[in-house]
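Spelled out, the chains give:
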Amino acid sequence: MDTHREELVNDILRNKLSPTDTFSFSCRECGACCRNRATPVMLTGLDIYRIAKGLSIDPYEVLTRYTTGYLGQDSHAPVVVLRERLDGSCSLLRKGKCTVHSCKPIACAVHPIGRVIDLTQKKSIYIRQPGGYKGAVDGRTWTLDEWLDTWNLKELDAPSLAWNLMAGMVAEVMHPIKLEHIGRDVIWELYQHMYGDYDVHRDFIPQVEENSETLRQFFKSHKMLK
Ligand code: SF4
């Protein structure tokens, strides 16, 4: 493991929350966490699917209207983030309120804590984000378990893991390829199957499995995967 990754893992383990660990937070609905964020909110295919379902629109419409993207510096795979307006506010914020409150991206729902997916152990890890809070940091005391129940986040663990396993497989193939050698056709293929090709009238997990298989076949046919 290189030094950077080792530091990252140590940081996660140091800040890891157990189900009964507590933190204090009350949302004042001030919208502060939706404006001028230090880093944009990163989205998964599950976030796009849930927002599309919540707004009764196609996932590609969500991608076009509310997101932007780039190739990950480490994964060399497409990364999709929430688009910000010129004033630094999230494109889904209207009059200080989140327009997708009940289906907001998981990274927004877990705020003020953070979540990482452990692909080896196939589970979510929740972490304290010291200094990462913006807005209210006082208020009611929550256990991690209570907070996750408030947002039904435990139900999203399985579909999140399914998507992250696909993203991990893609990163494994793409990471060794130099960024300048990655063609538009490859980027488009990955973008579609990771983020856009989902039918909101069907369950998410079987569609991730189909998209993973399509990408595996794509990598094989392009001799990117043995
Ligand atoms: S999706 Fe909603 S909660 Fe998340 S940054 Fe945008 S407005 Fe805020």
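Right above here is the structure, for reference.
Residues numbered from 1 in each chain as written. Predicted model: local features only at pLDDT ≥ 70, side-chain atom pairs only at ≥ 80, totals over all residues. Heavy atoms only, no water.

**Points about the packing of helix 2 (residues 45-55) against helix 3 (residues 59-66)**
Next up, step 1: Packing of helix 2 against helix 3 brings their axes to within 8 Å, and their N-to-C directions diverge by 100°. Considering their axes alone, helix 2 and helix 3 lie roughly perpendicular with respect to each other. Of the residues in helix 3, those touching helix 2 at Ile48, Ile51, Ala52 and Leu55 are Pro59, Val62, Leu63 and Tyr66.
Next up, step 2: Of the residues contributing to the contact of helix 2 with helix 3, the split by class is eight nonpolar, no polar and no charged. (Axes fitted to C-alpha atoms, helices over the stretch in contact; angles between N-to-C directions. Helix = DSSP H or I, 4+ residues; strand = E, 2+ residues; numbered from the N terminus. Parallel < 35°, antiparallel > 145°, perpendicular 65-115°, else oblique. Contact = heavy atoms within 4.5 Å. Nonpolar A, V, L, I, M, F, W, Y, C, P; charged D, E, K, R; others polar.)

**Description of the sheet that holds strand 3 (residues 67-71)**
Next up, step 1: Strand order in the open sheet made by the three strands is 2-4-3, with antiparallel pairing throughout. Two strands lie at the open edges of the sheet, namely strand 2 (42-43) and strand 3, each paired on one side alone.
Next up, step 2: Across two bridges, strand 2 lies against strand 4 (residues 78-82) in antiparallel orientation. Looking at the pairing, Leu43 lines up with Val80 of strand 4.
Next up, step 3: Against the sheet, helix 3 touches strand 3 and strand 4, its axis set at about 85° to strand 3. (Pairing = 2+ DSSP bridges.)

**Quick notes on the pairing of strand 7 (residues 114-118)**
Next up, step 1: Alignment of strand 7 against strand 8 (residues 123-127), held across five bridges, turns out to be antiparallel. Across the sheet, the residue bridging to Arg115 is Tyr126, located in strand 8.
Next up, step 2: Hairpin connection of strand 7 to strand 8: four residues between the antiparallel strands, including Lys122 at a positive phi of 55°.

**Thoughts on unusual backbone geometry**
Next up, step 1: Put simply, His111 and Pro112 share a cis peptide bond, and its omega is 20°.
Next up, step 2: Here the phi dihedral of Ser56 falls at roughly 55°; this positive angle occurs in a residue that is not glycine.
Next up, step 3: Topologically, Ser56 is positioned in the loop between helix 2 and helix 3.
Next up, step 4: Here the phi dihedral of Asn152 falls at roughly 50°; this positive angle occurs in a residue that is not glycine.
Next up, step 5: Looking at where Asn152 falls in the secondary structure, it is placed in the loop between helix 5 (144-150) and helix 6 (157-174).

**Let's talk about the environment of Leu71**
Next up, step 1: With respect to the helices and strands, the residue Leu71 is situated in strand 3.
Next up, step 2: Sequence separation between Leu71 and Leu179 is 108 residues, and the spatial gap between their C-alpha atoms is 8.0 Å.
Next up, step 3: The residues touching Leu71, leaving out its near neighbours within four places in the chain, are His76, Ala77, Pro78, Leu179, Ile182 and Ile187.

**Remarks on the layout of surface pockets**
Next up, step 1: If you add up the space inside the second largest pocket, you get close to 660 Å³.
Next up, step 2: Around the second largest pocket, the lining comprises 39 residues; the ones closest to its centre are Cys27, Cys33, Cys34, His101 and Lys104.
Next up, step 3: Counting only elements with at least two residues in the lining of the second largest pocket, the list comes to strand 6 (97-98), helix 4 (106-110) and helix 5.
Next up, step 4: By residue class, the composition of the lining of the second largest pocket is 22 nonpolar, nine polar and eight charged. (1 Å grid on protein atoms, 1.4 Å probe; cavity = no way out; pocket = protein on both sides within 12 Å on 5 of 7 lines; lining within 4 Å. Points joined across faces, edges and corners; volume = space filled by probe spheres on them.)

**Points about the nonpolar core**
Next up, step 1: Counting residues in hydrophobic clusters, the biggest one holds 53 residues, and the most contacted among them are Val170, Met194 and Phe219.
Next up, step 2: Listed by contribution, the elements that provide at least two residues to this core are helix 2, helix 3, strand 4, helix 4, helix 5, helix 6, helix 7 (184-196) and helix 8 (204-221).
Next up, step 3: Here the element with the most residues in this core is helix 6; it accounts for eight residues.
Next up, step 4: If we skip the residues at most four places from it in the chain, Phe219 touches Met169, Val170, Val173, Met174, Leu190, Met224 and Leu225. (Core = buried A, V, L, I, M, F, W, Y, C linked by side-chain atoms within 4.5 Å. Buried < 20%, exposed > 50% of the residue type's maximum accessible area, 1.4 Å probe, protein only.)

Any functional reading would require information beyond the geometric quantities listed.
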